[in-house]
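# Structural features, examined
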Amino acid sequence: MSKKISIQNGKLHVPDHVIIPFIEGDGIGKDISTPAQNIVDAAVEASYGKQRSIEWKEVLAGEKAYKKTGEWLPVETIDAFREHIVGIKGPLTTPVGGGIRSLNVALRQELDLYVCLRPVRWFKGVPSPIRYPSTVDMHIFRENTEDIYAGIEFMTGTPEAEKFKSLLKENFGLDDVRFPDSTSFGIKPVSEEGSKRLVRAAIDYAIKHELPSVTLVHKGNIMKYTEGAFKNWGYEVAEQEFEHQTFTWRQYEKIFGKQGAEIAKEKVKEARKEGKIIIKDVITDAFLQESLLRPYNHSVIATMNLNGDYISDQLAAMVGGIGISPGANINYNSGFAIFEATHGTAPTIAGTGQANPSSLILSAALLLEYMGWNKAAEHIYDALEHTFSKRKVTSDLFALMEGATLLSTKEFAHEVIRNIH
C-alpha cells in the first residue's frame, strides 16, 4: 500500500511505496506528463524491482482546473502538496500583461519554496552553440520569493500609482521620476533572512555534492542596498557559519586591495587543496559573459530572482535549450518541494507529438534524488544520454542535428525506456 512522504526528526522520510501528487499542466503538459511518469516507473523498477514504486496522484491547476472547478489554483491543490511534501508539475498558463496571477509564482510563495534549483549539464550528442559544452556543469540557486517577482506593482493612472508617487515625493523627497504622469512602479524587496537562507542552501549543496565553488551573482554596483546587500549577506553566511569549510575571496581583497587579489589567487589554490569551497562574487552582466567564455570557473550559482531567471535560460541554451533543462522549487527547512518542467505550455504544438518531454523527465530525476532514490535517477540520466548520442530525438533537437532520427513524444519516451532496460 502506497503512503505519503513525511518529515521525521527534521528529515524527509520516504516510504518504499510512495504517493506523489502531480499537475498535468496546460498545452503540451498533457503530452509530456504520462511519458515522463512511464520513464520514472521503468527506472524505479529497473533499480529496485518490486521493492519500491510510485503512485501518481493527479491534482488540478491551470486551465484544466478552471474548466472543472472555476478556479485556476484550487486550495485543495496547495493542501495536497502540503500534505504529501513533494510533488511535480507540468507547464502552466499565465497571461502576459494582466489576467490571472502567475500560478508558478503563487505555488512558490504559498509554500515558501525559496530555492529555485536549476542544474545545467551537457548530454553527449546534444547540439550546442559553444565549442566545449562538456565544460558546463553549473547548479543555479535562484531566490524564489522576493525581488521584483514579489508582485508589488502599481499601474500608471491608478489611484495606487498616484499614492505611491506622492509617497516618494512628500515623504522621501524623491522627485526625479523622468515621466511621472505615465510611470508604473514596482518594488524590489530583498531581505537579509531571504538572502542568507538562499546562500546557506547553496553552500550546503556545494559541500554535500563536493563542488568547488559558490558564485554570488548580483548587480550591487548599481542597486547597492538590495543586490549589494545580497552579496554582503552572502559573504557573512560563508564567513560566520561555514568558516572552516569555505574560503571567501573578499577577505583578502578587503585587507590588501589590488595586491590582495593576487595574494588571493595563491590562497585559493591552497584552499582547494584543503577541500574548501571557494566563495566569490561577480556582477551579473559580467557573469553572463564569463559563463560563456569560461564556464568551468563556476559551479554553484547563488543569485536573486530576476537575475536567476535570465541566467537559467542562458545556461540552458548553452547545453541544448530549456527543452532539456530541469527545475525544482524547494524549501530546505520545511522539506516542501515541487519539481517542474522549466519551459512554457507551447500551445501551438500541443497534441501534435512534437513536444520534448526531457525537461519534465530530468525534473523527475531530480525528484528521485531528493527522495534518496539515486540509483533510479542515474538510470534516467544514462538512458537519456544514450538516446541523445544515438541521435534519436524530438523535433526541437532534430532541426539542429545532422543525421538524426525524428521521434514523436511517445516514441522518444519508449526509446528512453528501452535504453533503461
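Before going into details, it helps to say that this report is about the structure given with it. Every value quoted in this text rests on a predicted model; they were computed, and no experiment measured them.

### Re the overall build of the chain
Counting secondary structure elements, the chain contains 15 helices and 17 strands. Relative to its length of 421 residues, the chain is compact, with a C-alpha radius of gyration of 23 Å against a globular reference of 22 Å. Here the C-alpha coordinates of the chain stretch approximately 65 × 60 × 50 Å along the principal axes. Taken across its 421 residues, the chain has 51% of its residues classed as buried. Contacts in the chain between residues at least 24 apart in sequence constitute 72% of all its contacts with a sequence separation of at least 6. Accessible surface, the chain: about 20100 Å² in total, of which carbon and sulfur atoms supply 51%. Here the chain contributes 48 positively and 54 negatively charged side chains, and the mean placements of these two sets differ by 4 Å.

### Description of the pattern of salt bridges
A side chain with one charge can pair with a side chain of the opposite charge if their charged atoms come near. Tallied over the full model, the rule gives 25 salt bridges. Several salt bridges share partner residues, and in doing so they unite Lys-390, Lys-392, Glu-415 and Arg-418 into one network.

### Focus on the environment of Asn-305
Mapped onto the secondary structure, Asn-305 falls in helix H11 (residues 305-318). By relative accessible area, which is 0% here, Asn-305 ends up buried. With residues up to four places along the chain from it excluded, the contact list for Asn-305 reads Arg-142, Glu-143, Asn-144, Thr-145, Glu-146, Asp-147 and Tyr-149.

### Notes on helix H15 (residues 409-420)
Since the α-helix advances by 3.6 residues per turn, residues separated by three or four positions end up pointing in the same direction. When the terminal C-alpha atoms of H15 are compared, their 17 Å separation across twelve residues agrees well with the 16 Å that a helix rising 1.5 Å per residue should span. Of all the positions in H15, only Thr-409, Phe-412, Ala-413, Glu-415, Val-416, Ile-417, Asn-419 and Ile-420 are classed as buried. Looking at the buried side of H15, the elements it contacts are helix H1 (29-48), helix H12 (358-371), helix H13 (374-389) and strand E16 (392-393).

### Considering the sheet that holds strand E3 (residues 17-23)
The eleven strands lie next to each other as E4-E3-E5-E15-E14-E6-E7-E13-E10-E12-E11, forming an open sheet whose pairing is mixed. Whereas interior strands pair on both sides, the edge strands pair on one side only; in this sheet they are strand E4 (53-58) and strand E11 (246-248). Going from strand to strand, the sheet's axes swing by 25 degrees on average, the running direction of each strand aside. Alignment of strand E10 (residues 213-218) against strand E13 (residues 300-303), held across four bridges, turns out to be parallel. Across the sheet, the residue bridging to Leu-216 is Ala-302, located in E13. Contacts between helix H4 (residues 103-110) and the sheet are confined to E3, strand E5 (86-89), strand E7 (137-143), strand E14 (326-330) and strand E15 (337-341), with E15 contributing the most and set at about 165 degrees to the helix.

### Here's the deal with the packing of aromatic side chains
Under the counting rule described, the total for this entry stands at nine aromatic pairs. Measuring from centroid to centroid gives 5.9 Å for Tyr-48 and Trp-373, while their planes differ by 65 degrees, and the two rings are edge-to-face. You can see Tyr-48 sitting in helix H1 and its partner Trp-373 sitting in the loop between H12 and H13, a full 325 residues away along the chain. In textbook terms, an aromatic cluster arises when at least three aromatic residues are bridged by ring pairs, as seen for Phe-123, Phe-388 and Phe-412. Positioned above the aromatic ring of Tyr-381 is the side chain of Arg-121, whose terminal nitrogen or guanidinium carbon lies 5.6 Å from the ring centre. Directly above the ring of Tyr-149 sits Arg-142, whose terminal nitrogen or CZ lies 5.0 Å from the centroid.

### Focus: the environment of Gly-335
Within the secondary structure layout, Gly-335 lies in the loop between E14 and E15. Among the residues examined, Gly-335 registers a relative accessible area of 7% and is labelled buried. Expressed as a C-alpha distance, the spacing of Gly-335 and Ile-7, which sit 328 residues apart in the sequence, is 7.4 Å. The residues contacting Gly-335, other than those within four sequence positions of it, are Ile-7, Leu-12, Ile-85, Val-86 and Tyr-370.

### Concerning the nonpolar core
Judged by nonpolar contacts, the single largest core of 103 residues is most densely connected at Ile-54, Val-214, Leu-368 and Met-371. Sort the elements by how many residues they give to this core and H12 lands first, with nine residues. Aside from chain neighbours lying at most four places away, what touches Leu-368 is Val-40, Val-44, Ile-54, Trp-373, Asn-374, Ala-376, Ala-377 and Ile-380. Membership of the second largest hydrophobic core comes to 13 residues, among which are Val-120, Met-138, Val-217 and Met-318.

### Some thoughts on unusual backbone geometry
Notably, Asn-9 is not glycine yet its phi reads approximately 55 degrees, a positive angle. Tracing the sequence through the fold places Asn-9 in the loop between strand E1 (6-8) and strand E2 (11-13). Backbone geometry at Ile-85 places phi at a positive 70 degrees, although glycine is not the residue there. Turning to its location among the elements, Ile-85 is positioned in the loop between helix H3 (75-84) and E5.

### A look at the side chain of Ser-291
Relative to the elements of secondary structure, Ser-291 occurs in helix H10 (residues 284-293). Accessibility expressed as a relative area gives 0% for Ser-291, which makes it buried. Leave out the neighbours within four places in its chain, and Ser-291 touches Met-138, Gln-314, Leu-315 and Met-318.

### Observations concerning the packing of H12 against H13
Two numbers describe how H12 lies on H13: the axes approach to 7 Å, and their chain directions differ by 155 degrees. Comparing their axes, H13 and H12 come out roughly antiparallel. In this structure, H12 crosses over H13, and the sense of that crossing is left-handed. Along its contact with H12, which presents Ser-358, Ile-361, Leu-362, Ala-365, Leu-366, Leu-368 and Glu-369, the element H13 presents Asn-374, Ala-376, Ala-377, Ile-380, Tyr-381, Leu-384 and Phe-388. The class makeup of the residues in the contact of H12 with H13 is eleven nonpolar, two polar and one charged.

How each quantity is defined
- Residues numbered from 1 in each chain as written.
- Predicted model: local features only at pLDDT ≥ 70, side-chain atom pairs only at ≥ 80, totals over all residues.
- Heavy atoms only, no water.
- Helix = DSSP H or I, 4+ residues; strand = E, 2+ residues; numbered from the N terminus.
- Rg over C-alpha atoms; globule rule 2.2 N^0.38 Å.
- Buried < 20%, exposed > 50% of the residue type's maximum accessible area, 1.4 Å probe, protein only.
- Contact = heavy atoms within 4.5 Å.
- Areas by Shrake-Rupley, 256 points an atom, 1.4 Å probe, with all protein chains shown as cover.
- Lys, Arg positive; Asp, Glu negative; His and termini not counted.
- Charge placed at Lys NZ, Arg CZ, Asp CG, Glu CD.
- Salt bridge = Lys/Arg side-chain N within 4 Å of Asp/Glu carboxyl O.
- Expected span 1.5 Å × (residues − 1).
- Pairing = 2+ DSSP bridges.
- Axes fitted to C-alpha atoms, helices over the stretch in contact; angles between N-to-C directions.
- Phe/Tyr/Trp six-rings, centres within 6.5 Å; stacked < 30°, edge-to-face > 60°.
- Lys NZ or Arg CZ within 6 Å of the ring centre and 35° of its normal.
- Core = buried A, V, L, I, M, F, W, Y, C linked by side-chain atoms within 4.5 Å.
- Parallel < 35°, antiparallel > 145°, perpendicular 65-115°, else oblique.
- Left-handed = near helix turned anticlockwise from the far one by under 90°.
- Nonpolar A, V, L, I, M, F, W, Y, C, P; charged D, E, K, R; others polar.

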